[in-house]
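Descriptive analysis of the structure
Letter by letter, the chains look like this.
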Protein chains: 2
Amino acid sequence: MGGDFAPANILEGAALALSKLDWLDELVLVGHQEKIAFYMDKLELSWHPKVRKVHAASVVEMRDPSTAVLRGKRDSSMTVCAKLLRDREVDAIVSAGHTGAAVASSTVLARTLPGIDRPAIATIMPNMQGRFVLIDAGANTDCKPFNLAQFAIMGECYYRLVFGVENARVGLLSVGGEDIKGNEVTKETFKLLSGMPLNFIGNVEGNTIFEGAADVVVCDGFIGNVLLKSCEGLARTVMYWLKDAFTKDPIRKTGAMLAKNAFRDLKEIGDADSCGGAPLLGINGVCIIGHGSSSPKAVYNAIRVAGESVKYRMNDMIVKRIAECGINLEKKNLAEG
Amino acid sequence: MGGDFAPANILEGAALALSKLDWLDELVLVGHQEKIAFYMDKLELSWHPKVRKVHAASVVEMRDPSTAVLRGKRDSSMTVCAKLLRDREVDAIVSAGHTGAAVASSTVLARTLPGIDRPAIATIMPNMQGRFVLIDAGANTDCKPFNLAQFAIMGECYYRLVFGVENARVGLLSVGGEDIKGNEVTKETFKLLSGMPLNFIGNVEGNTIFEGAADVVVCDGFIGNVLLKSCEGLARTVMYWLKDAFTKDPIRKTGAMLAKNAFRDLKEIGDADSCGGAPLLGINGVCIIGHGSSSPKAVYNAIRVAGESVKYRMNDMIVKRIAECGINLEKKNLAEG
C-alpha cells in the first residue's frame, strides 16, 4: 500500500513477477483488500494459484513517524508484512513505502541476525568503472564505529552476491584520504576496519567514489541518504540543463536529434528501476526497500532481488563473515571499556 | 605556496588581479622568495609598485595535519599569512592550500568574530533556479546545534552580499522534510532555527536542494564536504559518460559537433573558477579558500571576492545579525543547562 503509486504499480510489478519468475512459489499480497480489488481483478491476480491475499486495514503515510508501525498503526500493511517475516510465513518482504517504518517494523519484529546490532540499507550506484555499493543509504541516522564496521562486512557480502566478486575493496567515506582526516566516528571506524580480515582500502572521498575508488563505500545512514538523494537530484538537474542547452537553437536541436541514442544510453546508466530496490541487510529474513516512486519494472526487480537473496543464502554469508571478523566481540569490548 | 599548481597559478592570478582590480591598494605575496623569484620576474611582479614580498620558509603539505601551522611549521606561508591578518597588516588572505590548515591558522591567530564559536566555509553551488549557498563546506567535522545555527546566519549574510537579496530562505540539510526527521544534531538545530528571526523554511533534502528549495543550505562540515566533492565527482562522471555516449558512432559524433555550444554552456554552469574561492566566514578578517587545483582565473576571482568582502563590510553584517538572532546567548544557556 505504500509509495507514490500504490497499489497500481505494486500490483503491476507483482503480475510481472508472477509471469517471469518461475521459481516463485507464492506471492503474498498484503493490503486493504477492498481498496486493491479493482486492480487485482484487472491484472488477473485475484484467483491466481500462486497468490495469497492478506488483509491490512491501515497504511503508514509518509508524514507518520517510523514508530507508527509499532504503536498507532499495528494493522498497517507494513506491520502485517513484518509479522509474516517474523513468523516465517514468508522468506522475504518488499515495500515501496515509508523507509523508516520498514526499517523499524522489520528490525523489531523479525529481529537482526546474530552479531548484527543494526541493519543497514545497501544501494547500488554507478561510477566510471561500473557500479559500487553504498551502505548505509538511510536506515540509521546516528551510528557508532562498530555499526559502521558491521555495515562494511554486510556490504562486502552483498557485493559478492550481486557481482560475484570476492574480497571487494571496502572504503570508508570521509573528508580526506589520510587516516587522520574525518569526524570522530569515522576516525574510530578507520581503526576498527584496519584490524579486520577485510580488503579495507582506507578513506574514500565524495569525488573518488565516482572514479571507482572502492567497491563498497561505508557511511552512516544520514550521510548515505543525503549523498544518494543529492546524486539523484544533481543527475536530474544535469538532464534538465542538458535539455535546456540542446534546445536553444535549431542547430543544437538537430545535433540532439542525431544523437538521441546517446541520451537514451545516459538515461540507462542512471536507471534505478533495473536495481528494483535496496536490501535492508542484517535482518533475520530478507527485506527489500523500493523507491517511493517505484515503477512496475522496479517492483518486479525488487521481487526478483528478494528471491535471489533467499536463493543464494546471503544471510548465512553475513553471519559467517561477521563471526570471522569478530566485530561483535570487538563491539562488546568497546562497550565495556 | 599551497595547492596543486603553486606558485605558477597563484602568481598568474595575482598578476591578473593587479591589472584588473584598480581598487587594490597592496598585494602581499607570501612564500619562499627564492622559489617564487622565477615566476615573479617572468610576470613582472618583482618590482610592481603595489606588490609587497614577505618570506615564508616552509609549506604545509597535503599530508600534514591541520595543526602543523601552529606547531611544526610556524614559518609556513599559511601561518605567516594568518599572522599578517591577525596584526591587521592585511585586510584579507587568500589560499589554495591545505583547507584544514587555513582554517586552523586563521581561527587561532586571527580569532573569530564576537558571537561566533567556529568559522564555516560557505560555497556557492548551482541549482535549477540559479545558485545557492552551502555552509559549512568543510571547516568543522563535528558540530553542535548552536554551531549550525550560527552557520545559518553567516550563510544568510553571505547570500545577501553575493546576490543582493535580503531574507534568504534558509534550509537545514536532513533526510526528510518533516521536523521529526534527521539525526540528533539536526533535530536540535531545527528547534533553534525555528525560534530565530530568520527566514527558516525547515528541512531540505539532497534532491530538493538542486530543485532550488533553499537559498542557504546548512549542514556540518563533514556532510558539506562529502556533498560538495560528490557533486564535483558526479558532474565529472556525467561529462565522461556524455563523451562516451556521444562518440559511439559517426551519427552521434555529428550530432555532438552540431551541438558543441551546448556542451560549452553545460561546462560553464559547473565552472568553479568563476567563484574563485569559498570564504571562511566568522573569522575576524577575511579569509578566502580556493580549490587545490585553482586556475589563474580562480585565484584572480578569489582575490576579487576577498576585496569585495572587505568593501561591503560583510563581517559587520554578520556581527549585527548574530546579535539580533541572539544565538550566542542561546548557546551559553544550552551549555549551562
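Here goes a summary of the coordinates provided. For every chain, the first residue of the written sequence is number 1, and numbering continues from 1 along that sequence. The order in which chains are written sets their letters, starting at A; the order in which ligands are written sets their numbers, starting at 1. Per-residue local features are limited, in this predicted model, to residues with pLDDT of at least 70; the limit for side-chain atom pairs, both in listing and counting, is 80 or more; totals at the level of whole chains, interfaces and linings are taken over all residues. Calculated side-chain values reflect all of the structure's heavy atoms, with hydrogen atoms and water omitted.

1. Description of the pairing of strand 7 (residues 200–204) of chain A
All names here are of chain A. Quick reminder of the rule: To sort residues, take the accessible area from a 1.4 Å probe on protein chains only and compare it with the maximum for the residue type: under 20% means buried, over 50% means exposed, and anything in between is partly exposed. Helix and strand definitions follow DSSP, with helices as H or I runs of at least four residues and strands as E runs of at least two, each counted in order from the N terminus. At least two DSSP bridges between two strands are needed for those strands to be called paired. Whether a crossover is right-handed comes down to one check: with the strands pointing away from the viewer, does the path from the first strand over the helix to the second run clockwise; if it does, it is right-handed.
Counting buried positions along strand 7 gives four out of five residues, so the element sits mostly inside the fold. Of the strand pairs in this sheet, strand 6 (residues 170–173) and strand 7 are connected by four bridges, and their pairing is parallel. Of the residues in strand 7, the one forming a bridge with Val170 is Phe200. Considered for its hand, the β-α-β crossover made up of strand 6, helix 6 (residues 184–194) and strand 7 is right-handed.

2. Looking at the relation of the copies chain B and chain A
Convention followed: The copies were overlaid with a least-squares fit restricted to C-alpha atoms from residues scoring a pLDDT of at least 70 in each copy. In what follows, residue pairs with any heavy atoms lying within 4.5 Å of each other are defined as contacts.
Least-squares fitting of chain B to chain A yields an RMSD of 0.0 Å, with the superposition described by an axial translation of 0.0 Å and a rotation of 180 degrees. Within this description, the copies of the chain are treated as partners about a two-fold rotation axis. In terms of proximity to the rotation axis, the leading residue of chain B is Gly255(B), whose C-alpha is 1.8 Å off the axis. Mapped onto chain A, 100% of the interface residues of chain B are again interface residues, and the two copies thus contact each other with one and the same surface.

3. A word on a nonpolar patch on the surface
The line we're drawing: Residues enter a patch when their relative accessible area is above 30% and they make no salt bridge; the linking distance is 9 Å between like charges and 5 Å between nonpolar side chains (Val, Leu, Ile, Met, Phe, Trp, Tyr). Computed with a 1.4 Å probe, the accessible areas rest on the Shrake-Rupley method; for each residue, only the protein chains presented here act as cover. Should a side-chain nitrogen of Lys or Arg be within 4 Å of a carboxyl oxygen of Asp or Glu, the pair is scored as a salt bridge.
A grouping of Ile251(A), Leu258(A), Ile251(B) and Leu258(B) is seen on the molecular surface, where their side chains present a nonpolar patch of about 340 Å² in accessible area. Elements that contribute at least two residues to the nonpolar patch include exactly helix 9 (250–258) of chain A together with helix 9 (250–258) of chain B. Inspection of the secondary structure puts Ile251(B) in helix 9.

4. Brief notes about the nonpolar core
We count it as follows: Think of a nonpolar core as a cluster: buried Ala, Val, Leu, Ile, Met, Phe, Trp, Tyr and Cys residues, connected wherever their side-chain atoms sit within 4.5 Å.
Ranked by internal contacts, the top residues of the largest apolar core, which has 108 residues, are Phe246(A) and Phe246(B). The contact partners of Phe246(B), leaving out residues within four places of it in the chain, are Phe246(A), Ala259(A), Ala262(A), Phe263(A), Arg252(B), Lys253(B), Ala256(B) and Phe263(B). In terms of nonpolar packing, the next biggest core, distinct from the first, is built from 41 residues, Ala120(A), Leu148(A), Tyr159(A) and Phe190(A) among them.

5. Let's talk about the interface of chain B and chain A
Our working definition: Put simply, buried area is how much 1.4 Å-probe accessible surface two parts lose in total, over both of them, once they are put together. Counted as a polar contact is a pair of N or O atoms within 3.5 Å, where, for protein atoms, one must be capable of donating a hydrogen and the other of accepting one, and residues adjacent in sequence contribute only when both atoms are in side chains. Throughout, the ten residues Ala, Val, Leu, Ile, Met, Phe, Trp, Tyr, Cys and Pro are labelled nonpolar, Asp, Glu, Lys and Arg are labelled charged, and all others, Gly among them, are labelled polar.
Between chain B and chain A, the residue contacts involve 58 residues of the former and 58 residues of the latter. Of the roughly 5100 Å² buried between chain B and chain A, counting both surfaces, carbon and sulfur atoms make up 72%. Among the residues chain B hides against chain A, the three largest losses belong to Met128(B), Phe222(B) and Trp241(B). Together they make up 13% of the total. Counting the contacts that link chain B with chain A gives eight salt bridges. Between chain B and chain A we count 16 residue pairs in polar contact (both at pLDDT 80 or more) in total. Among the elements that line the side of chain B that touches chain A, the one with the most residues is helix 8 (residues 221–246) of chain B, at 20 residues. When grouped by side-chain class, the residues that make up the side of chain B that touches chain A number 28 nonpolar, 17 polar and 13 charged.

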